[in-house]
Amino acid sequence: MTVSETTQASTDEVLRPHAEDSFADELKALAAADDRPRPERWRLSPWAVATYLLGGTLPDGTVITPKYVGPRRLVEVAVTTLATDRALLLLGVPGTAKTWVSEHLAAAVSGDSTLLVQGTAGTPEEAVRYGWNYAQLLANGPSREALVPSPLMRAMAQGMTARIEELTRIPADVQDSLITILSEKTLPVPELGQEVQAVRGFNVIATANDRDRGVNELSSALRRRFNTVVLPLPATPEAEVDIVSRRVDQVGRSLDLPPAPDGLAEIRRVVTVFRELRDGVTTDGRTKLKSPSGTLSTAEAISVVTNGLALAAHFGDGVLRPGDVAAGILGAVVRDPAADRVIWQEYLETVVRERDGWKDFYRACREASA
């Protein structure tokens, strides 16, 4: 198979399609029904972008599935920020759907979520500004043909939305290269005596994990260029169960896993365990608990249930049972083998063992912990 053939694989063949491909029908229906004003080069109006993320039913009966379950006002603030000249920073603990929201915002606004810079401790300045094709550079010297634009430079030139993941993991000197881009909307190319000016429609969505404070904290100058929206953990158990159920269903379909009958009961148990250990108190508020070192996020709950679904499908009878999720819960909770294991054992014996209807879950967790 040639490179061109692999890059043109259908959405059904791709393991994890981009948002604009997975939900192309919804985006098309929204664009057709959207008669509200759109900012320059936006595919949809701010109202339609918010509807795409939060879900709704269009006048023609088309159902838009929710991509984010959370406070509507947060989504509205995020969308309107992108319609201004300020960049958007999505901040939150791990597993609060920052990357997911970032991708879907870019897909709805620009129709392209792939203009992405992945932040790491080794992210170079070229990933934010531009690099060079050194073969052409050595052969012909600096030229536009030898220049390799970064995703941000391409977004500036095309009036699109660029994304930066894990901004606080990027070294401080590389972070600072964003200041001119965000404040002046210009990217100088001194080697050519030129500059790239952002056209209308350009903006940046960055994500950051607030557990990473102190890694490479943003300077006050850079932070001022962002409007920060903090994405919270799900407010209620019902909301978290809904999120986990939806995502597990989507991931399961992409992996061709059969739907697990009666799986909702196990999803509720996983969410209950995660929320209680995360909050340090049982659901009824009667028992104080020690919290383990892990985040026990919604994203981790989705992973635990998806893995359990695969176990049930391939090595069980297709029914999601406590034994299918027990090992995944143990792996999520016990990150520090010494301290976390003690916390988990105390939770099993003082809470899970005494809870009505949880005997099978208790036994499965005890077997996984043995």
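Note that this is a predicted model, so its numbers are computed, not measured. (Residues numbered from 1 in each chain as written. Predicted model: local features only at pLDDT ≥ 70, side-chain atom pairs only at ≥ 80, totals over all residues. Heavy atoms only, no water.)

## Let's talk about the overall build of the protein
Part 1: When its secondary structure is counted, the protein shows 17 helices and 11 strands.
Part 2: A compact globule built from 370 residues should have a C-alpha radius of gyration of about 21 Å, and the protein, at 23 Å, falls within 12% of that.
Part 3: Summarising its shape, the C-alpha atoms of the protein cover approximately 70 × 50 × 45 Å along the three principal directions.
Part 4: In the protein, once contacts between residues fewer than 6 apart in sequence are set aside, the share between residues at least 24 apart is 71%.
Part 5: By element, 51% of the accessible surface of the protein is carried by carbon and sulfur atoms, the whole surface being about 18,100 Å².
Part 6: In the protein, which carries 41 positive and 49 negative side-chain charges, the distance between the mean positions of the two groups comes to 5 Å. (Helix = DSSP H or I, 4+ residues; strand = E, 2+ residues; numbered from the N terminus. Rg over C-alpha atoms; globule rule 2.2 N^0.38 Å. Contact = heavy atoms within 4.5 Å. Areas by Shrake-Rupley, 256 points an atom, 1.4 Å probe, with all protein chains shown as cover. Lys, Arg positive; Asp, Glu negative; His and termini not counted. Charge placed at Lys NZ, Arg CZ, Asp CG, Glu CD.)

## Brief notes about the nonpolar core
Part 1: Core analysis: the biggest nonpolar cluster contains 36 residues, and Val273, Phe274, Ile329 and Trp344 have the highest contact counts within it.
Part 2: Within the residue set of this core, elements represented by two or more residues are helix H12 (237-254), helix H13 (263-279), helix H14 (298-315), helix H15 (322-333), helix H16 (339-352) and helix H17 (359-369).
Part 3: Contacts of tryptophan 344, omitting those with residues within four sequence positions, involve Val273, Leu277, Ile329, Leu330, Val333, Val334, Cys365 and Ser369.
Part 4: By size, the runner-up hydrophobic cluster in this structure holds 35 residues, among which are Leu89, Ala155, Ala162 and Val204. (Core = buried A, V, L, I, M, F, W, Y, C linked by side-chain atoms within 4.5 Å. Buried < 20%, exposed > 50% of the residue type's maximum accessible area, 1.4 Å probe, protein only.)

## A short note on the environment of isoleucine 181
Part 1: Mapped onto the secondary structure, isoleucine 181 falls in helix H10 (residues 178-184).
Part 2: Taking the relative accessible area as the measure of exposure, isoleucine 181 reaches 0% and is therefore buried.
Part 3: It is 8.9 Å that separates the C-alpha atoms of isoleucine 181 and arginine 129, two residues lying 52 residues apart in sequence.

## Thoughts on the sheet that holds strand S7 (residues 161-165)
Part 1: Spatially, 5 strands are ordered S4-S7-S10-S3-S11 in an open sheet, and the strand pairing comes out parallel. Two strands in the sheet have a free side with no partner beyond their single neighbour: strand S4 (116-118) and strand S11 (226-230). Going from strand to strand, the sheet's axes swing by 20° on average, the running direction of each strand aside.
Part 2: Where strand S3 (residues 87-92) lies against strand S10 (residues 203-209), 5 bridges are found, and the strand directions are parallel. Paired with glycine 92 across the bridge in S10 is asparagine 209.
Part 3: Against the sheet, helix H5 (residues 72-82) engages S3, S10 and S11, with an angle of about 165° to S11.
Part 4: With respect to the sheet, helix H6 (residues 98-110) is in contact with S3, S7 and S10, its orientation differing from that of S7 by roughly 170°. (Pairing = 2+ DSSP bridges. Axes fitted to C-alpha atoms, helices over the stretch in contact; angles between N-to-C directions.)

## Observations regarding the pattern of salt bridges
Part 1: Summed over all chains, the structure comprises 20 salt bridges.
Part 2: When the shortest N-O distance is used, the salt bridge between arginine 38 and aspartate 34 registers 3.5 Å.
Part 3: For aspartate 34, a relative accessible area of 7% translates into the label buried.
Part 4: Arginine 253 is the salt-bridge partner of aspartate 249, the closest N and O atoms lying 3.0 Å from each other. Here arginine 253 and aspartate 249 lie together in helix H12, a separation of 4 residues that amounts to about one turn.
Part 5: Among the charged side chains, a salt-bridge network with shared partners connects Arg72, Arg73 and Glu76. (Salt bridge = Lys/Arg side-chain N within 4 Å of Asp/Glu carboxyl O.)

## A short note on the side chain of threonine 81
Part 1: Counting through the fold element by element, threonine 81 comes out in helix H5.
Part 2: Judged by relative accessible area, threonine 81 falls into the buried class, the value being 5%.
Part 3: If near-sequence neighbours (up to four positions away) are discounted, threonine 81 is found in contact with Arg86, Ala87, Leu88, Asn203 and Asn227.

## Observations regarding H5
Because the α-helix completes a turn every 3.6 residues, residues three or four places apart line up on one side.
Part 1: Among the residues of H5, those classed as buried are Val75, Ala78, Val79, Thr81 and Leu82. The buried side chains of H5 occupy one side of the element, clustering within an arc of 160° when seen end-on. (Arc of directions from axis to C-beta.)

## Overview of the packing of aromatic side chains
Part 1: Throughout the structure, instances matching the rule amount to 4 aromatic pairs.
Part 2: When the centroid spacing of 5.9 Å and the interplanar angle of 25° are considered together, the rings of tryptophan 344 and tyrosine 347 count as stacked. Of this pair, tryptophan 344 and tyrosine 347 both sit in helix H16, separated by 3 residues, roughly a single helical turn. The two residues tryptophan 344 and tyrosine 347 agree in class, both being buried.
Part 3: Taking 5.2 Å as the distance between ring centres and 75° as the angle between the ring planes, the aromatic pair formed by tryptophan 358 and phenylalanine 361 counts as edge-to-face. You'll find tryptophan 358 and phenylalanine 361 in the same group, each marked buried. (Phe/Tyr/Trp six-rings, centres within 6.5 Å; stacked < 30°, edge-to-face > 60°.)

## Let's talk about H13
Part 1: In a regular helix each residue adds 1.5 Å, so 17 residues correspond to 24 Å; H13 covers 24 Å between its end C-alpha atoms and thus fits that length.
Part 2: For H13, the tally of buried residues reaches 13 of 17 residues, placing the bulk of the element in the interior.
Part 3: Just past H13, the residue glycine 280 takes up positive phi, approximately 75°. (Expected span 1.5 Å × (residues − 1).)

## Brief notes about the packing of H13 against H14
Part 1: The interhelical angle for the contact between H13 and H14, taken along N-to-C directions, is 145°, at an axis separation of 10 Å. Here the hand of the crossing between H13 and H14 comes out right-handed. Across from Ile267, Val270, Phe274 and Arg278 in H13, the residues of H14 making contact are Thr298, Glu300, Ala301, Val304 and Val305.
Part 2: In terms of residue class, the contact of H13 with H14 is built from 6 nonpolar, 1 polar and 2 charged. (Left-handed = near helix turned anticlockwise from the far one by under 90°. Nonpolar A, V, L, I, M, F, W, Y, C, P; charged D, E, K, R; others polar.)

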